[in-house]
Amino acid sequence: MERTQKPTVNKTQVVYGLRPVMEAIGSGQQVERVLIQNGLNSSLLGELRALMKEHDLPFQYVPVEKLNKMTTGNHQGVVAVIAAVKYHSFMELVETLGEKALVVLLDHITDVRNMGAIARTAECTGVSALVLPDHGSAALNEDAVKTSSGALLRLPVCREQNLKTVVNLAKQYGFQVVAATEKGAVHYRRVDFAKPTLLIMGNEETGISPELLKMSDVRAKLPIVGEVQSLNVSVAAGVFMYEALEQRYREAVE
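Residues numbered from 1 in each chain as written. Predicted model: local features only at pLDDT ≥ 70, side-chain atom pairs only at ≥ 80, totals over all residues. Heavy atoms only, no water.

Colleague: Quick question: what am I supposed to make of the pattern of salt bridges here?
Modeller: Two side chains carrying opposite charge are able to pair once their charged atoms lie near each other. A complete count under the given rule lists 4 salt bridges for this structure. One salt bridge connects Arg113 with Asp111, and the closest N-O pair in it is separated by 3.6 Å. Accessibility expressed as a relative area gives 60% for Arg113, which makes it exposed. (Salt bridge = Lys/Arg side-chain N within 4 Å of Asp/Glu carboxyl O. Buried < 20%, exposed > 50% of the residue type's maximum accessible area, 1.4 Å probe, protein only.)

Below is the structure:
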């Protein structure tokens, strides 16, 4: 069902030039990533690298042609993409979550459309927050926001450097950790989603990383009777999130 009001989705904003990018990072703007021209030689490059390291910012080296497509200005070999989504700290957010909290951790989901679709379902089902890694994840750009129908602008989103730290912190706050995996032994409807839950959804190709899988309390699976042995991650996430909503709704009306 379509919402009558949707947040405005802004086009991707970029800051270009060595000094302007450094000023943007230093001023606290939420930078999605920094793109640096291959082979760039500048006396300020070392200073920029130190600043990116201090703020844990992802960056990559790219051909100059890519930067030229992003801006017609004098980019000096550096372009910063400003995040379309405001990020939260999971350490600070977890303290405010209630006993019925459901947090969805997206372990290196790389497809923008999957990311947007998961966020849209998460907002519809009352998910408390999304958590994703700061490297190796789909960019939360205007395409992701549009696919989510604006849900990414409504949901708290945490971008964290270490997902294992997130899992350990969630456990300290009494969350059960549920890994959604076809290798699981527990039917998804046997999971008690009335408890505060951290639900982990894995990468489209490789699934949940082994270290996070080992840290899970429950490995839950969806029944599959066809020849194709896996679901699209956004579809699978939707089934789990609606099961959690159904359990909590049923408990509320009984």
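Colleague: Help me understand the pairing of strand 4 (residues 78-82) in this model?
Modeller: Note on strand geometry: in a regular strand, side chains alternate between the two faces of the sheet. Counting buried residues along strand 4, 5 of its 5 residues qualify, which places the element largely inside the surrounding structure. Side chains Val78, Ala80 and Ile82 project from strand 4 onto one buried face, and the interleaved Val79 and Val81 project onto a second face that is buried too. Of the strand pairs in this sheet, strand 1 (residues 13-16) and strand 4 are connected by 4 bridges, and their pairing is antiparallel. Residue Val14 lies in a different strand from strand 4, and its bridge partner there is Val81. In this sheet, strand 4 lies alongside strand 2 (residues 31-37) in antiparallel orientation, the contact comprising 5 bridges. Across the sheet, Leu35 pairs through a bridge with Val79, a residue of strand 4. (Helix = DSSP H or I, 4+ residues; strand = E, 2+ residues; numbered from the N terminus. Pairing = 2+ DSSP bridges.)

Colleague: Explain the layout of surface pockets here, please?
Modeller: Any space left empty among the atoms is revealed by the rolling of a water-sized probe across them. Estimated volume of the largest pocket: approximately 490 Å³. Lining the largest pocket are 26 residues; nearest its centre among them are Ala180, Thr181, Glu182, Ser230 and Leu231. Top contributing element to the lining of the largest pocket by residue count: helix 9 (residues 233-253), with 3 residues. Split by residue class, the lining of the largest pocket holds 11 nonpolar, 10 polar and 5 charged. Taken together, 15 residues form the lining of the second largest pocket, with His55, Asp56, Leu57, Tyr87 and Arg159 sitting closest to its centre. (1 Å grid on protein atoms, 1.4 Å probe; cavity = no way out; pocket = protein on both sides within 12 Å on 5 of 7 lines; lining within 4 Å. Points joined across faces, edges and corners; volume = space filled by probe spheres on them. Nonpolar A, V, L, I, M, F, W, Y, C, P; charged D, E, K, R; others polar.)

Colleague: It is not clear to me how the sheet that holds strand 6 (residues 102-106) should be interpreted in this structure. Could you clarify?
Modeller: Whether parallel or antiparallel, the strands of a sheet pair through hydrogen bonds between backbone atoms. The strand order across the open sheet built from 8 strands is 5-8-7-6-11-9-12-10, with neighbouring strands paired in parallel fashion. Looking along the sheet, the strands with just one partner apiece sit at the ends: strand 5 (87-88) and strand 10 (186-187). Alignment of strand 6 against strand 11 (residues 197-201), held across 5 bridges, turns out to be parallel. Looking at the pairing, Leu106 lines up with Met201 of strand 11.

Colleague: Sorry, what's going on with the sheet that holds strand 3 (residues 59-62) here?
Modeller: Here 4 strands make up an open sheet; going across it, the order is 1-4-2-3 and the pairing mixed. On the outer flanks of this sheet lie strand 1 and strand 3, each paired with one strand and no other. Strand-to-strand twist in this sheet, taken as the mean axis angle between neighbours without regard to direction, amounts to 25°. Contacts between helix 1 (residues 18-26) and the sheet are confined to strand 1, strand 2 and strand 4, with strand 1 contributing the most and set at about 120° to the helix. Here helix 2 (residues 45-54) sits on the sheet in contact with strand 2, strand 3 and strand 4, set at roughly 155° to strand 2. (Axes fitted to C-alpha atoms, helices over the stretch in contact; angles between N-to-C directions. Contact = heavy atoms within 4.5 Å.)

Colleague: Is there a simple way to think about the packing of aromatic side chains in this case?
Modeller: Scanning the entire structure with this criterion turns up 2 aromatic pairs. With a centroid separation of 6.0 Å and 65° between ring planes, the pair formed by Tyr188 and Phe240 is classed as edge-to-face. Of the two residues, Tyr188 is situated in the loop between strand 10 and strand 11 and Phe240 in helix 9; the sequence distance between them amounts to 52 residues. Accessibility expressed as a relative area gives 11% for Tyr188, which makes it buried. (Phe/Tyr/Trp six-rings, centres within 6.5 Å; stacked < 30°, edge-to-face > 60°.)

Colleague: Is there a simple way to explain helix 7 (residues 163-172) in this structure?
Modeller: What sets the pattern is the α-helix's 3.6 residues per turn: residues three or four places apart point alike. Every buried residue of helix 7 is listed here: Leu163, Val166, Val167, Leu169 and Ala170. Take helix 7 and look down its axis: the buried residues cluster within an arc of 165°, on one side only. Among the residues trailing helix 7, Gly174 stands out with phi positive, at a value near 90°. (Arc of directions from axis to C-beta.)

Colleague: Explain the packing of helix 1 against helix 2 to me, please; I cannot follow it from the model alone.
Modeller: Helix packing geometry: the angle between the two helix axes and the distance between the axes. Where helix 1 contacts helix 2, the two axes come as close as 10 Å, and the packing angle between them is 20°. When the interaxial angle is binned, helix 1 and helix 2 end up roughly parallel. With respect to the hand of their crossing, helix 1 and helix 2 are arranged in left-handed fashion. Residue-level inspection shows Leu18, Arg19, Val21, Met22, Ile25 and Gly26 of helix 1 in contact with helix 2, the latter providing Glu47, Leu48, Leu51 and Met52. Here the contact of helix 1 with helix 2 is built from residues that sort into 7 nonpolar, 1 polar and 2 charged. (Parallel < 35°, antiparallel > 145°, perpendicular 65-115°, else oblique. Left-handed = near helix turned anticlockwise from the far one by under 90°.)

Colleague: Mind showing me how you'd approach the side chain of Ser216 here?
Modeller: Along the chain, the position of Ser216 falls in the loop between helix 8 (210-215) and strand 12 (218-221). In this structure, Ser216 is in contact with Val177 and Ala179, ignoring residues within four places of it in sequence.

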